[in-house]
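Results of the structural survey
Here's the letter readout for the chains.
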Amino acid sequence: MEFGDGLELGLPCVHCGLCLDTCPTYKISGSEAASPRGRIYIMEAIGAGELAFDDEAAGHLETCLGCRACESACPSGVDYSRRIDEFRPRLAASKRRSELWRKFSRRLHGNTRIFDVGLKAARVVDSLGLRRLRRRIPFFSLLPGRTASSNGVELSPLQRSNVHQPPYPRARVALLRGCIADRAMPGLNRDAVEVLQRNGIEIVELHDQVCCGALDLHEGRRSEALALARANVDIFSGALQRGEVDFVVSTAAGCGAQLREYGKLLGGDSDYREAAALLSERHRDICELLVELGFEKPRAPGATAGGKAGALAYHDACHLLHGCKVEAAPRAICEAATGTAPLDLGENSICCGSAGTYNLQQRTMAGRLGARKAELARISGAGVIAVANVGCMLQLSRALDLAGLRIEVRHPIELLAQAYRGSPGAKAGPEAKR
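Thresholds, definitions, all that
Residues numbered from 1 in each chain as written. Predicted model: local features only at pLDDT ≥ 70, side-chain atom pairs only at ≥ 80, totals over all residues. Heavy atoms only, no water. Salt bridge = Lys/Arg side-chain N within 4 Å of Asp/Glu carboxyl O. Helix = DSSP H or I, 4+ residues; strand = E, 2+ residues; numbered from the N terminus. Buried < 20%, exposed > 50% of the residue type's maximum accessible area, 1.4 Å probe, protein only. Contact = heavy atoms within 4.5 Å. Pairing = 2+ DSSP bridges. Axes fitted to C-alpha atoms, helices over the stretch in contact; angles between N-to-C directions. Lys, Arg positive; Asp, Glu negative; His and termini not counted. Polar contact = N/O pair within 3.5 Å; in protein donor to acceptor, adjacent residues only side chain to side chain.

Concerning the pattern of salt bridges
On inspection of all chains with the given rule, the structure shows 23 salt bridges. Notably, a salt bridge pairs arginine 230 with aspartate 269, separated by 2.9 Å at the nearest N-O pair. Here aspartate 269 lies in the loop between α14 (262-265) and α15 (273-281) and arginine 230 lies in helix α12 (residues 222-241), a separation of 39 residues in the sequence. Using a relative accessible area of 26% as the deciding quantity, one classes arginine 230 as partly exposed. Aspartate 269 gets classed as buried once you look at its relative accessible area, which sits at 16%. Among the salt bridges present, the one from aspartate 344 reaches arginine 331, with a minimum N-O distance of 2.9 Å. With aspartate 344 in strand β8 (residues 343-344) and arginine 331 in helix α18 (residues 328-338), this residue pair connects regions lying 13 residues apart in the sequence. For aspartate 344, a relative accessible area of 47% translates into the label partly exposed.

Here it is as structure tokens:
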């Protein structure tokens, strides 16, 4: 079966139904049309001219989060994400989404000034004690405001912290930047730099890198997504081919999963096929890389969110778990940082409702999924939730605030960096690896 630009989309769905229990929208709605096999049936029927592409059909397809949990559950190896992504340009052209939203989304995506103004306003509102009220306002509700993990300090990857840098790097890496997530949580990049350097990993700054293109692809702007992918392939794969870096590292699961898809996304482009495949192969999530190379255990583990009471719970980011197949590494980072294995938040394979811009476009469904996670957090008794994706961090923080729960949301790397700061004098480098 083929859609979109004619790429072959792999094995057919046999409609066995094993994906149903992993689909967030099916679990909420109970509707077959809101399940992976239901959506595949709709797309195939529209492609064959057997079903009208009307508002009802478009609505069922638009509510897909693109979380890829169905792919992990599928025994036949159906590449669902490529099917739905190939269909998204038709959704974008269906006029179901308002032109006002499209213009705002595109303007926001490319304009950090708007985002910065929103961040400042959010912090002011939070300082006035109106945080829960702010969390009910679309777009404004997702901004981090005043949080322990976003302190407003933005550092270049090459700005050195007061951490010993071994004379012979164990690896050289490029840190993926260029995304608006850098503006939302600049402290995360600072911590990533500190942790990598502490473990003898040199960071090589590559200029002119751009957004990974995931948001454009999910919005149906395929040509824009391909242009961004080619730009990043030029920069990163060139550095890999010249031996300037060994890996390309990301801190956000959604961005990392997109880099790993470049080989497929540009597989039909003879000028970029090999270079894109190289970048996909040499990408690593930051937690994955640290575990792969071996990392220093803090001498004084136990710090979570400023001594926040309660257990640490971990929630899998969908694109790290289902897209990159990375499950154990972030848990190992959390355990090293705190001295105890993290609890699973519960329903870890089910999306929290973030999914790129989904929580802006599909606010009702995203809100229900977020509330479900907040209830699991309340039951768990967690004081801190760790998740390895900025979008998930923003979504979960909003859900917890709306539920009246005082629970911090942190990235595993933030926890490790904080634990290192509590271990002065600890050695860094190969001799200290786990």
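Focus on the environment of serine 250
On the secondary structure map, serine 250 appears in strand β5 (residues 247-250). Along the sequence, serine 250 and glutamate 288 sit 38 residues apart, while their C-alpha atoms lie 9.9 Å from each other. Not counting residues within four places of it along the chain, the set of residues in contact with serine 250 comprises Leu176, Gly256, His283, Arg284, Asp285 and Ile286.

So, the sheet that holds strand β10 (residues 408-410)
Here we have 4 strands laid out as an open sheet, ordered β8-β7-β9-β10, and parallel in their pairing. One side of each edge strand has no neighbouring strand; the edge strands of this open sheet are β8 and β10. Relative to β8, strand β7 (residues 311-314) is paired through 2 bridges, and the arrangement is parallel. Bridge assignment links tyrosine 314 to a residue of β8, and that residue is aspartate 344. Across the face of the sheet, helix α22 (residues 412-421) comes into contact with β7, β9 (382-386) and β10 while running at roughly 90° to β10.

Quick notes on the pairing of β7
Of the pairings in the sheet, the one linking β7 to β9 comprises 4 bridges and is parallel in character. By the bridge assignment, tyrosine 314 is partnered in β9 with alanine 386.

Observations regarding the side chain of arginine 398
Relative to the elements of secondary structure, arginine 398 occurs in helix α21 (residues 390-402). Buried within the structure, arginine 398 lacks any salt-bridge partner; its nearest side chain of opposite charge belongs to aspartate 401, at an N-O separation of 9.0 Å. In this structure the side chain of arginine 398 is engaged in a polar contact, spanning 3.1 Å, whose partner is the side chain of glutamine 395.

Topic: the sheet that holds β5
Read across the sheet, 4 strands follow the order β4-β3-β5-β6 without closing on themselves; strand pairing throughout is parallel. Edge positions in the sheet fall to β4 (201-203) and β6 (283-285), since each of these pairs with one other strand and no more. Pairwise comparison of adjacent strand axes, ignoring direction, gives a mean angle of 40° for this sheet. Pairing analysis gives 3 bridges linking strand β3 (residues 171-175) to β5, with the strands arranged parallel. Residue alanine 174 lies in a different strand from β5, and its bridge partner there is valine 248.

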